[in-house]
Amino acid sequence: MLSGSFLSGLTGTPSFAPAFQLGGVAASVVDDAKAKAKELESKASSELDSLKSAASKELNKTEKAVKSAAAPGIPLYTPKFYAACTLGGILACGTTHALVTPLDLVKCRKQVNKDLYKGNVDGWTKIIKNEGGFKALYTGVGPTLLGYSMQGAAKYGLYEYFKHTYAEMAGPEAAAKYKDAIFLAGSASAEFFADMALVPMETVKVRMQTTMPPFATGIVDGYSKIVAKEGTGALFASITSLWGRQIPYTMMKFWSFEATVAAIYKQLGKPKESYNKLEQLGVTTVSGYIAGVFCAVVSHPADTMVSKLNAPLKEGQAKPTVGSIYKDIGFGGLWGGLATRIVMIGTLTALQWLIYDSFKVQVGLPTSGDIGRPTIMPNEDVDDHQHLFKVYDLPAPTAISGRTLVQPVRRNPGGAIVLKDIANASNYVAQIEHEIQARVNLNSLVNELPLLVDLGHAKAYEFSLLTNFNSGDAAPVWMQPVLDDIKTIKTDIQTIKSTLSKQAATQARFQNKVLASGTVAAERVPFIDGTMPEDDLPALRYKADVMGLDIEQAERYCKGYGIKWHANTSVFSASKRILNHIGIEDT
């Protein structure tokens, strides 16, 4: 365990009791001083153990945060990853749109004729009564299921692809800084292509839902009738309006979802990785519904246009255009059926994100949110976890039998630690781990002890870079929880050091007071920052040593011990205060 070796080496309990021998009364005094010192040391040890335990827990949390990037499953940003996201998009979009077909049916008809129904319940009641029972509520469900399955495949799969691609093009720092722009650009790019897959079935669906009785019995019948009467181009006639509806819709859908997820976790006060998968899916659902409300409002005018453009024409009626429709219905008419659509899209979007993220969790992927976390630790498939290494132009870790590993050198040894240094260190650790795995398949692990020692040094080197990482580069979002934990650990360790220093100073002063006879050398008392006085300062073993200090030495001792020093302070008054502070003489 990293925490055990790290803390034991850094904070092992020192023994402060001096070892010397005297005879007679002096020996008795010294024994009493030793007993008192041991008592103080015991108290210090108890407090140290408590602090070490707290720091160890924090360090274990850090290890888990780092290793969470290596959870088994499908490696990120690989063909398998994008295939999984594509399948998740099919399940999320196709099933949910088909499920809410009754809402969509009423909404589309109200957009064509806002006075047709008073509301959802009135519409459903009339449809069931006049159009053949309950099954009539699912008019158009066939093209809905097929069309939105194809759209979902492209929307979610390409969104993950474009989001990652644009983030890599920007670089890790710029990607974290301008992540909103990446969310918007990635979603717009994905939806542009997704709508091309959707529009033929959207045309068939709207025609079926806005004609009473429906002009076709299903997908094939509707497709054939439109092509036979109007040509293949008619299936794509509403693509511009569809882009006008769906691209703003999808940009708002993904951006507001990502922003809401981030806001919720910020409000909760802990990073996403600290919650279990069920809790994360709860955040996904809430964020999805909130995103859906925004989506419905932003895209509703264009949705009305799509319904009007695809509505059946009356005998002798000229084919409408966007301009003629707007002139006819006005601005207010663009918002017909909005309340119904808010309910539909809010529910729809929440269900889509829940299904999509549930599927991702089932196949071993993280839940959605943020620009993505580069993998630090290696996955089982060596060739499929190259994201971090690609970002920094590093070779991917491979089995290295027969080659000698050399610890990487920092890019700027005398300057600040930067992200590439950490990436190199992570790559070094990964190569050793893969070498161990390759050898253990053939030999006993006992025979690989030297390599295990190398792995320990490599991990220590990697951790030392993380603990000292400052501002050479802006830390990306995925690294921040790890750095926050490390910061807490460093604070705890500093508290331990400070506690030990105070105990050492108290113990030394106490012993000096007990032995203040002028014939026994005093113990050196550390400065308040835990360091011992510099070697070029005289050691203060006897009263004469203190009284012999010059003005510059007295000033340095006073400042080291936290004794007030003024420009007019005399050497004599400073020396008396120093004597009192180190316990040689009370004043």
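The structure under discussion appears in the preceding block.
Nothing here was measured: the structure is a model prediction, and the numbers come from that model. (Residues numbered from 1 in each chain as written. Predicted model: local features only at pLDDT ≥ 70, side-chain atom pairs only at ≥ 80, totals over all residues. Heavy atoms only, no water.)

Asks: Let's hear about the overall build of the protein: which residues, and what values?
Replies: A tally of helices and strands in the protein yields 20 helices and zero strands. Counted over contacts in the protein with a minimum sequence separation of 6, partners at least 24 positions apart contribute 71%. With an accessible surface of roughly 27,800 Å², the protein has 60% of that area assigned to carbon and sulfur atoms. (Helix = DSSP H or I, 4+ residues; strand = E, 2+ residues; numbered from the N terminus. Contact = heavy atoms within 4.5 Å. Areas by Shrake-Rupley, 256 points an atom, 1.4 Å probe, with all protein chains shown as cover.)

Asks: An account of the environment of D357 is requested, with residue identities and associated values reported.
Replies: If you trace the backbone, D357 turns up in helix α13 (residues 338-362). Placed 77 residues apart in sequence, D357 and Q280 show a C-alpha to C-alpha distance of 9.2 Å. Ignoring anything within four residues of it in the chain, the contact list for D357 reads F257, L281, T284, T367 and S368. A polar contact is formed between the side chain of D357 and the side chain of S368, at a distance of 2.6 Å. (Polar contact = N/O pair within 3.5 Å; in protein donor to acceptor, adjacent residues only side chain to side chain.)

Asks: Any chance you could break down the side chain of T210 for me, citing the residues and the numbers?
Replies: By the element assignment, T210 lies in helix α8 (residues 179-210). By relative accessible area, which is 11% here, T210 ends up buried. Within the structure, T210 has its side chain in polar contact with the backbone oxygen of V206 (distance 2.6 Å). (Buried < 20%, exposed > 50% of the residue type's maximum accessible area, 1.4 Å probe, protein only.)

Asks: Give me the packing of helix α3 (residues 79-99) against α13: which residues, what numbers.
Replies: At their nearest, the axes of α3 and α13 sit 8 Å apart, and the two run at 150° to each other. For the crossing formed where α3 meets α13, the hand is right-handed. Contacts between α3 and α13 involve A84, C85, L87, G88, G89, L91, A92, C93, T95, T96, H97 and L99 on the former and, on the latter, L348, L351, Q352, I355, Y356 and F359. Residues that form the contact of α3 with α13 fall into these classes: 12 nonpolar, six polar and no charged. (Axes fitted to C-alpha atoms, helices over the stretch in contact; angles between N-to-C directions. Left-handed = near helix turned anticlockwise from the far one by under 90°. Nonpolar A, V, L, I, M, F, W, Y, C, P; charged D, E, K, R; others polar.)

Asks: Give me a nonpolar patch on the surface: which residues, what numbers.
Replies: On the surface, L87, I90 and L91 cluster together into a nonpolar patch covering about 210 Å² of accessible area. Along the chain, I90 falls in helix α3. Given a relative accessible area of 31%, I90 falls into the partly exposed group. (Patch = residues over 30% accessible without salt bridge, like charges linked within 9 Å, V, L, I, M, F, W, Y side chains within 5 Å. Salt bridge = Lys/Arg side-chain N within 4 Å of Asp/Glu carboxyl O.)

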